[in-house]
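Coordinate analysis (summary)
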Amino acid sequence: MGKVKIKRKSTLIDMTAMSDVTVLLLTFFMLTSTFLQKEPVTVLTPSSVSEIKVPTANVAQVLVSPEGKVFISISGEADPNVAGGEWGSEQIRKEILRKAVSKYNELHPGKKVNLTEKDVDVFSKLGSFGVPFQALPSFLRMSQTEQDKVITDMKRSDVGIPIDDNKDLSKLNEFQIWMRAIYDSGNENLTSAMKKGEGIAVKADKDTPYSTVQHVLDNLQTLKMNRFSLMTALKTEND
Amino acid sequence: MAQIEQSDKGKKKKGAQKKMSIHVDFTPMVDMNMLLITFFMLCTTMIKSQTLQITLPTNEKVDQTEMNKAKESEAITMIVTTERDAEGNIKKDENGKPKNIVYFYAGKPQLVGDAASGAIDDSNLEQAEFLGNEEGAARGIRKILHNRNKQVLEKIDKLKAQWRNKEFSTNKDMNDSIYQAKAKEVRNDSTLTRPVVVIKATPEASWESLIGALDEMQINQISRYQIDNMNHMDTLMIEAFKRKNNR
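My aim in this report is to walk through the structure given alongside it, one point at a time. Only a predicted model underlies this, so the values are computations on that prediction, with no experimental measurement involved. Sequence positions are assigned chain by chain, starting from 1 and proceeding in written order. Chain letters and ligand numbers both follow the written order, the letters beginning at A and the numbers at 1. Two thresholds apply to this predicted model, a pLDDT of at least 70 for residue-level local features and 80 or more for giving and counting side-chain atom pairs, whereas whole-chain, interface and lining totals are computed over all residues. Values shown for side chains rest on all heavy atoms present in the structure; no hydrogens or waters enter the calculation.

1. Description of helix H3 (residues 117-124) of chain A
All names here are of chain A. Definition in use: For each residue, the accessible area found with a 1.4 Å probe, counting protein chains only, is set against the maximum for its type, and the residue is called buried under 20%, exposed over 50%, and partly exposed in between. In DSSP terms, a helix is any run of H or I states spanning at least four residues, a strand is any run of E spanning at least two, and both are numbered starting from the N terminus. Here, the arc refers to the directions that run from the helix axis to the C-beta atoms.
Restricting attention to buried positions, one finds in H3 the residues Asp119, Val120, Phe123 and Ser124. Looking straight down H3, one finds its buried side chains confined to an arc of 140 degrees; they lie on one side. For H3, the exposed residues set more than 90 degrees away from the buried face come down to Glu117 and Lys118.

See below:
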């Protein structure tokens, strides 16, 4: 009787094709990804049916925490070499910081803030910032982990850009100094985006009381920045 | 594929090296790639946030009479508010949705009682809710606004149908822009009866409820609206409304 020989098959699976696919996917994700911005507070934006996308370039985002603390993050041109000058995020932040600090020193001659070239450099790499001018030098000289710790601690009194009901344009408060400096940054594309209302994006949590957000809106109105965008998430008419 | 076979083309010599197969195992490579993919997938923001663009009036003193020029029959005032508990947390209803309430009145406030002393018994204030569409039909405050802006919405619906059939232009972008321009024309057409909406929010109203109110303007194609501050009368009216309904 002939014995049926069962051929032993190797269970080895060729992974090359699989590897090819994963590398392709990896390349796709690496190229398309824009990293989540680190923010001092995580906010859940309310939803709306509006489908206008938030711009990624030339925008100043004003983040309002539920406690009413204000943070600003600035992005410059996507391509730093357009618009006749170097207006990438880092350059524009440096320019804005210099303008804002000199304005602050002009308004508060008794409490001048002095920053070194290195401080300005550190500032240009910050995603979002929110400390009073007086605390700025010591904040910028901290290590990154310390900075993160300070800026995410909402109970501290020296976190958040000071803001009040000031309506007098000759005595700007700190938030107004910043917004004015951003407007006067020197990059015309940013200025025109702000005029059109695309350049200012207000972001607040959906549970935040209106009175808190209104404070910021009021300040923008005082600065005659009457057009701006409100950050929302998408929903349909059925929700 | 991942093997490299060394063959010596039939020239077999005695004592020749054994056929060697170099096999590279790609499994760890795939594992690592998968991990990286997972990392990038979780770190990316695929959905960009949307924005709602608004324009606020200037802070400069606007002549009050100028502001109140809006025809009484067209004006509608919305006051949004959110119910909160003693700790300031938002109350939720049975479905887990936050309790956002919108009060509204048409035209001027009509009061029953003595307004000067603050003893208002009743007013033309009514209450509604933010509700989504159900089977394509508007509900809640959306329905009320929809009915007030019927003329505009009817025209826009016609335009929308034309836009869907690409009647303006076969080019997609052209079609879109012509539609947008025509829709804007209709929204601002002063020959139609269009409502003027004044949105007010109480201090405890959530940001979501105000956005909800602005959203209703978009949905109902209302071009004339403004955000205003609460005044004493509005508070009294809400108080009276709550008293009347035993709440």
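2. Here we look at a nonpolar patch on the surface
Rules: Only residues whose relative accessible area exceeds 30% and that take part in no salt bridge are eligible for patches, with like-charged residues grouped when within 9 Å of each other and nonpolar side chains (Val, Leu, Ile, Met, Phe, Trp, Tyr) grouped when within 5 Å. Methods summary: accessible areas were calculated by the Shrake-Rupley approach with a probe of 1.4 Å, and residue burial reflects only the protein chains presented. Think of a salt bridge as a Lys or Arg side-chain nitrogen and an Asp or Glu carboxyl oxygen that are within 4 Å of each other.
Judged by side-chain polarity, A:Val23, B:Met29, B:Met32 and B:Leu36 come together as a nonpolar surface patch covering roughly 300 Å² of accessible area. With three residues, helix H1 (residues 27-43) of chain B is the single largest residue contributor to the nonpolar patch. Looking at where A:Val23 falls in the secondary structure, it is placed in helix H1 (residues 16-32). By relative accessible area, which is 34% here, A:Val23 ends up partly exposed.

3. Re the pattern of salt bridges
Residues and elements named next belong to chain A. Throughout the structure, instances matching the rule amount to 15 salt bridges over all chains. A salt bridge links Arg98 to Glu117; the shortest N-O distance between them is 3.4 Å. Taken together, the residues span a long stretch of sequence, with Arg98 in helix H2 (residues 89-107) and Glu117 in helix H3 at a distance of 19 residues. Among the residues examined, Arg98 registers a relative accessible area of 37% and is labelled partly exposed.

4. As for empty space enclosed by the protein
Residues and elements named next belong to chain B. Note the threshold: Buriedness for pockets is judged along seven lines, at least five of which must meet protein on both sides within 12 Å for an open set on the 1 Å grid over protein atoms alone, while cavities are sets there where a 1.4 Å probe fits but cannot get out, and lining residues have an atom within 4 Å of a point. Grid points are joined across faces, edges and corners, and a volume is the space filled by probe spheres set on the points. In this classification, the charged set is Asp, Glu, Lys and Arg, the nonpolar set is Ala, Val, Leu, Ile, Met, Phe, Trp, Tyr, Cys and Pro, and all remaining amino acids, among them Gly, are polar.
Inspection of every chain in the model, using the stated rule, returns one cavity of 30 Å³ or more. What lines the largest cavity is Asn149, Arg187, Arg194, Pro195, Gln221, Ile222, Ser223 and Arg224. Residues belonging to the lining of the largest cavity are distributed by class as follows: two nonpolar, three polar and three charged.

5. Focus on the sheet that holds strand S4 (residues 75-82) of chain B
Residues and elements named next belong to chain B. For clarity, the cut-off: Think of it this way: DSSP has to see at least two bridges between two strands before they count as a pair. Interaxial angle, 0 to 180 degrees, is taken between N-to-C directions of lines fitted to C-alpha atoms, where a helix line uses only the stretch in contact.
Read from one edge to the other, the open sheet built from five strands follows the order S8-S5-S4-S9-S10, with strand pairing classed as mixed. With partners counted over all chains shown, the strands left at the sheet margins are strand S8 (126-129) and strand S10 (225-228), one partner each. Between one strand and the next, the sheet's axes are offset by a mean angle of 30 degrees, whatever the strand orientation. Examined bridge by bridge, strand S9 (residues 196-201) and S10 share four bridges and lie parallel to one another. The residue bridging Ile199 from the neighbouring strand is Ile227, located in S10.

6. Examining the side chain of B:Lys200
Filter applied, for reference: Under this definition, polar contacts are N or O atom pairs within 3.5 Å; protein pairs additionally need one hydrogen-donor-capable and one acceptor-capable atom, and for neighbouring residues in sequence, both atoms have to be side-chain atoms.
Relative to the helices and strands, B:Lys200 resides in strand S9. For B:Lys200, the side chain forms a polar contact with the side chain of B:Asp234, separated by 2.7 Å.

7. Notes on helix H7 (residues 232-244) of chain B
All names here are of chain B. Worth spelling out the cut-off: Multiplying one less than the number of residues by 1.5 Å gives the expected span of a helix. Here a residue-residue contact requires only that any non-hydrogen atoms of the pair lie within 4.5 Å.
Relative to the 18 Å expected for 13 residues at 1.5 Å per residue, H7 spans 18 Å between its end C-alpha atoms, a close match to the ideal helical length. Regarding H7, the residues found buried are Asp234, Leu236, Met237, Ile238, Ala240 and Phe241. Looking at the buried residues of H7, the elements they touch are S4, strand S5 (100-106), strand S6 (111-114), strand S7 (119-123), S8 and S9.

8. Some thoughts on the interface of chain A and chain B
The following threshold applies: Each of two parts loses accessible area, computed with a 1.4 Å probe, when they are put together; buried area is these two losses added.
Counting residues at the interface gives 58 residues for chain A, matched by 52 residues for chain B. Summing both sides of the interface, chain A and chain B together bury roughly 5200 Å²; the carbon and sulfur share of this comes to 61%. Contact with chain B buries area across many residues of chain A, yet A:Phe29, A:Tyr210 and A:Leu230 alone supply 14% of it, more than any other trio. At the boundary of chain A and chain B, one finds zero salt bridges. The interface formed by chain A and chain B holds twelve residue pairs in polar contact (both at pLDDT 80 or more) in total. If you list the elements that add at least two residues to the side of chain A that touches chain B, you get H1, strand S1 (47-48), strand S2 (52-53), helix H8 (210-222) and strand S6 (227-234) of chain A. If one sorts the elements of the side of chain A that touches chain B by residue count, H1(A) sits on top with nine residues. Here the residues of the side of chain A that touches chain B are counted per class, giving 24 nonpolar, 19 polar and 15 charged. Here S6(A) pairs with strand S3 (residues 50-55) of chain B via six bridges, running antiparallel.

9. Regarding unusual backbone geometry
Residues and elements named next belong to chain A. Not every positive phi belongs to a glycine, and Lys224 is a case in point at roughly 65 degrees. Here Lys224 shows up in the loop between H8 and S6. The class for Lys224 is partly exposed, based on a relative accessible area of 48%.

10. Overview of the side chain of B:Arg142
Topologically, B:Arg142 is positioned in helix H3 (residues 140-148). In this structure the side chain of B:Arg142 is engaged in a polar contact, spanning 2.8 Å, whose partner is the side chain of B:Asn133. Among the polar contacts listed, one links the side chain of B:Arg142 to the side chain of B:Glu216, at a separation of 2.9 Å. Residues contacting B:Arg142, with those up to four places away along its chain left out, are A:Glu237, A:Asp239, B:Leu131, B:Gly132, B:Asn133, B:Glu216, B:Ile219 and B:Asn220.

11. Topic: the packing of aromatic side chains
The cut-off we apply is this: Only the six-membered ring of Trp is used, alongside the rings of Phe and Tyr, when aromatic pairs are assigned; centres must lie within 6.5 Å, and planes under 30 degrees apart are stacked while those over 60 apart are edge-to-face, with the rest tilted.
By the definition in use, this model includes nine aromatic pairs over all chains. Taken together, a centroid distance of 5.0 Å and an interplanar angle of 5 degrees make the contact between A:Phe133 and A:Trp178 stacked. One end of the pair, A:Phe133, is in the loop between H3 and helix H4 (136-140); the other, A:Trp178, is in helix H6 (residues 174-183), and 45 residues separate them in sequence. Classification of A:Phe133 by relative accessible area gives buried; the value is 0%. When the ring of B:Phe39 is compared with that of B:Phe40, the centres are 5.2 Å apart and the planes differ by 75 degrees; the resulting orientation is edge-to-face. By relative accessible area, B:Phe40 is classed as buried at 10%.

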